[in-house]
Every structure is written in structure tokens, then in C-alpha cells.
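# Architecture and fold: a report
The chain contents come next:
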Amino acid sequence: MKLQTKVLLKPSTFQINYSNKLLLLGSCFAEHIGNKFSYYKMQAVTNPFGVLFHPRAITQLVKNAVLEEKYTEKDIFNQNERWHCFNAHSVLSTPSKQKLVQNLNAAVLETRQVLTNATHIVVTLGTAWVYKHLELNKVVANCHKVPQKAFNKQLLTVTEIEASLQELISLVKSVNTNAKFIFTVSPVRHIKDGFVENQRSKSHLLTAVHNTIELEKNRGDAFYFPSYEIMMDELRDYRFYKEDMVHPSKLAVDYIWEKFSDVWLAKKALETTVKVGAVQRGLEHRPFNSESEEHQKFLKNIQEKITYLQKEYPFILF
């Protein structure tokens, strides 16, 4: 009996090894995949400016990094006794004005450095809905709980999204001609926008991404990974969602990561993730008696595995 509709996948010709360097940008689903790379000790940086939901915000981040534009106090504002920046997520916000400017400029430098050296850039788009600040006349990455009357909500057109993605690719290519782009659409439904509005948003993102990849076909640098389709078609049951019935559960994230690994991780990298995973689980183990001879042998075995991994990959730290 066939009980699932499977999304057909095939391995990429530009697979990822432990020697590769990655930058992951975008929605909270980018964080999930980024956490997997981090857990398995691969060379990946995720969202230096925090979660970014729409393509305009992601492209603006890349633009600022490539052009090395510095932030000043005129780029930030105070709301609810904290300092914020409309170009960044609230994870960077602080009670100190100077600290926020410092954090923003550090993130610009980090992004620039990673962009220059990255072999793969993973971009996860969450929504095509954006908020335009009326007084500043600019689309923001995050509203930071500023009253909604200060913004005008807009749905980016397919053409506008395509322009953003093409600009993003062009900017990266200006400092790194070798980077490969992996685009995906987040399976997280933005139902606060409305069910129909969420579908309109996702359809705009999907169309724009595929149009962009088609334009890049000759260079062969842009690819699509169907995380949205896997969630919608293979993981239809509500047991694959968290309690809010919107975000993927840990089981769903693990499943999609497995599919991503099958497509994008090289055979040797997959073998290494198994070894790293064994060490990680060992380090998480809590013994009944930490002084026992058996536990000391266990610790020695874990250390031997770590030494073996670090001999081949000196950048791996536990």
C-alpha cells in the first residue's frame, strides 16, 4: 500500500563537504537547518542579523555587507526601553544605543567575510508580505512592535521578488564568483496574515524563485530545495506540527533535514555526521555515577573519537 505522496529528489552535482563554508539566511526555518549544520560541526553561519522573513530584507542585508555600509545612531530607534534597527531582528536589540550600533557593524563585517568565502548560500524565504514604514518610506525587516498605524502592509509582486533575488545574486557574485545558491520556501504558514493571504504569499515566492533559477540556468549556480512541498505533501498529518499547528515539529525538521542531506551532503560528509552525532550524544549523556570506572572508560572513548575527528577537521570544536 502507498500511504504517502513522495517528492522526487536527486543528489546535487555540487554537494557539500566538511571543507565547504555556508551562509544561511532567511526565515526561522533557516535557523532549523542552520542548527543542524551547527550540531554536526560543519562550517556554517546562520542569520548574522537574526531571522529575516521576506526577500527585500535579505537582499538589503547582503547589500549592506557587500558595500560595507556602517550603521550609525541615525539608523536605530528606541521602543519599549530598548534600541532597535528596522533592518535587523530583535535578537540584536539592546538597552544600550552604543552596543546596538556596535553589534550591527560587527554583523556587517561577519556577513561580508562569510559571503566572500562561502561555497554555498542557503536562502529561505518566509513571506511575500512586507511592512513599509510610512514616515521613513522604506520596507522594514522587522516592526519591533511599533504600532501598526506607522506602516502600510503590502504584498510583493512576483516581479519585485525576482528583482530582489537577482540583485542578491549579483551582489554576492561581485565578491564571490564561486558561490552556489540554494533557495527554499519556508514550510511555516504565516496564518496571522490569513489563510488565503498566506497561500498568495507562498505562490508569489515559489514563482519568483523558479523564474530566478531559470534565468540563472546557463551559469548553473542557483538551485531549489522543496522543503515547502515536502511539508505539504509528505508530512500532511498534524503530528508533524508543533502545538500551534503552524510550525514544523522536531520530527518534521529532522525528516526534512534528512531529505536535504540526501540531496546536498556528499557521501563522506554524511559518514562524518554519523561520527559527530555519536560524539554529541555521548557528551549529552548523564551518568548515574560520574566517578565509576565504566564512566571513565566511556569518557576516554569519547575523547578518542573527538581527537580522531579533529585530526582530520581541526576547526571542529566540542
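- In the nomenclature of an unreviewed UniProt entry, the protein corresponds to GSCFA domain-containing protein from the organism Cellulophaga geojensis KL-A.

### A few points about the overall build of the protein
- For the protein, the helix and strand inventory stands at nine helices and ten strands.
- Taking 20 Å as the expected radius of gyration for a compact globule of 318 residues, we find that the protein reaches 21 Å, a close match to that expectation.
- Reported as C-alpha extents along the three principal axes, the dimensions of the protein are approximately 70 × 55 × 40 Å.
- Across the 318 residues in the protein, those meeting the buried criterion constitute 51%.
- Put simply, of all contacts in the protein between residues at least 6 apart along the chain, 71% involve residues at least 24 apart.
- Accessible area for the protein stands at about 16,600 Å²; split by element, carbon and sulfur atoms hold 53% of it.

### Focus on the sheet that holds strand β6 (residues 129-133)
- Spatial ordering of the open sheet is given by β7-β6-β8, a layout of three strands whose pairing is antiparallel. The open sheet has two free edges, formed respectively by β7 (138-140) and β8 (151-155), since each of these has just one partner strand. With strand direction ignored, the average angle separating the axes of adjacent strands in the sheet is 40 degrees.
- Here five bridges tie β6 to β8, and the two strands are oriented antiparallel to one another. Looking across to β8, one finds that valine 130 is bridged to glutamine 154.

### Concerning the sheet that holds strand β9 (residues 180-185)
- Taken in spatial order, the five strands make up an open sheet running β2-β1-β5-β9-β10, and their pairing is parallel. Edge positions in the sheet fall to β2 (43-46) and β10 (222-224), since each of these pairs with one other strand and no more. Across the sheet, the axes of successive neighbouring strands diverge by a mean angle of 20 degrees, strand direction being ignored.
- Pairing geometry for strand β5 (residues 120-125) and β9, over six bridges, is parallel. Looking at β9, one finds that histidine 120 is bridged to lysine 180.
- Taken strand by strand, helix α4 (residues 158-173) contacts β5 and β9, and its axis lies near 155 degrees from that of β9.

### A closer look at the side chain of aspartate 221
- Tracing the chain through its elements places aspartate 221 in the loop between α5 (195-215) and β10.
- Within the structure, aspartate 221 has its side chain in polar contact with the side chain of lysine 173 (distance 2.7 Å).
- Excluding its chain neighbours within four sequence positions, the residues that come into contact with aspartate 221 are Lys173, Ala179, Lys180, Phe181 and Glu216.

### Here we look at the nonpolar core
- Core analysis: the biggest nonpolar cluster contains 52 residues, and Phe49, Leu104, Ile121 and Phe183 have the highest contact counts within it.
- With seven residues, the single largest contributor to this core is helix α3 (residues 97-117).
- Grouped together as the second largest cluster of nonpolar side chains are 35 residues, Ile16, Met42, Val122 and Ile182 included.

### Digging into the UniProt feature "domain: GSCFA" (unreviewed entry) in the protein
- In the numbering adopted here, UniProt assigns the feature "domain: GSCFA" (unreviewed entry) to residues 21-260.
- Between the C-alpha atoms that bound residues 21-260 there is a distance of 16 Å. The span itself is 42% helix and 18% strand.

### Thoughts on the pattern of salt bridges
- Overall, the coordinates contain 15 salt bridges when judged by the stated rule.
- For the salt bridge of glutamate 68 with arginine 112, the shortest nitrogen-to-oxygen distance reads 4.0 Å. Of this pair, glutamate 68 sits in the loop between α2 (55-66) and β3 (77-79) while arginine 112 sits in helix α3; the two residues are 44 residues apart in sequence, bridging distant segments of the chain.
- The exposure class assigned to arginine 112 is partly exposed, which follows from its relative accessible area of 23%.
- Aspartate 221 is the partner of lysine 180 in a salt bridge, and the nearest nitrogen-oxygen pair spans 2.9 Å. With lysine 180 in strand β9 and aspartate 221 in the loop between α5 and β10, this residue pair connects regions lying 41 residues apart in the sequence. Like lysine 180, the residue aspartate 221 is buried in the burial classification.
- In this structure, a network of salt bridges that share partners links the residues Lys36, Lys250 and Asp254.

Reading guide: rules and limits
- Residues numbered from 1 in each chain as written.
- Predicted model: local features only at pLDDT ≥ 70, side-chain atom pairs only at ≥ 80, totals over all residues.
- Heavy atoms only, no water.
- Helix = DSSP H or I, 4+ residues; strand = E, 2+ residues; numbered from the N terminus.
- Rg over C-alpha atoms; globule rule 2.2 N^0.38 Å.
- Buried < 20%, exposed > 50% of the residue type's maximum accessible area, 1.4 Å probe, protein only.
- Contact = heavy atoms within 4.5 Å.
- Areas by Shrake-Rupley, 256 points an atom, 1.4 Å probe, with all protein chains shown as cover.
- Pairing = 2+ DSSP bridges.
- Axes fitted to C-alpha atoms, helices over the stretch in contact; angles between N-to-C directions.
- Polar contact = N/O pair within 3.5 Å; in protein donor to acceptor, adjacent residues only side chain to side chain.
- Core = buried A, V, L, I, M, F, W, Y, C linked by side-chain atoms within 4.5 Å.
- UniProt positions renumbered as here; feature names shortened; annotations may be inferred.
- Salt bridge = Lys/Arg side-chain N within 4 Å of Asp/Glu carboxyl O.

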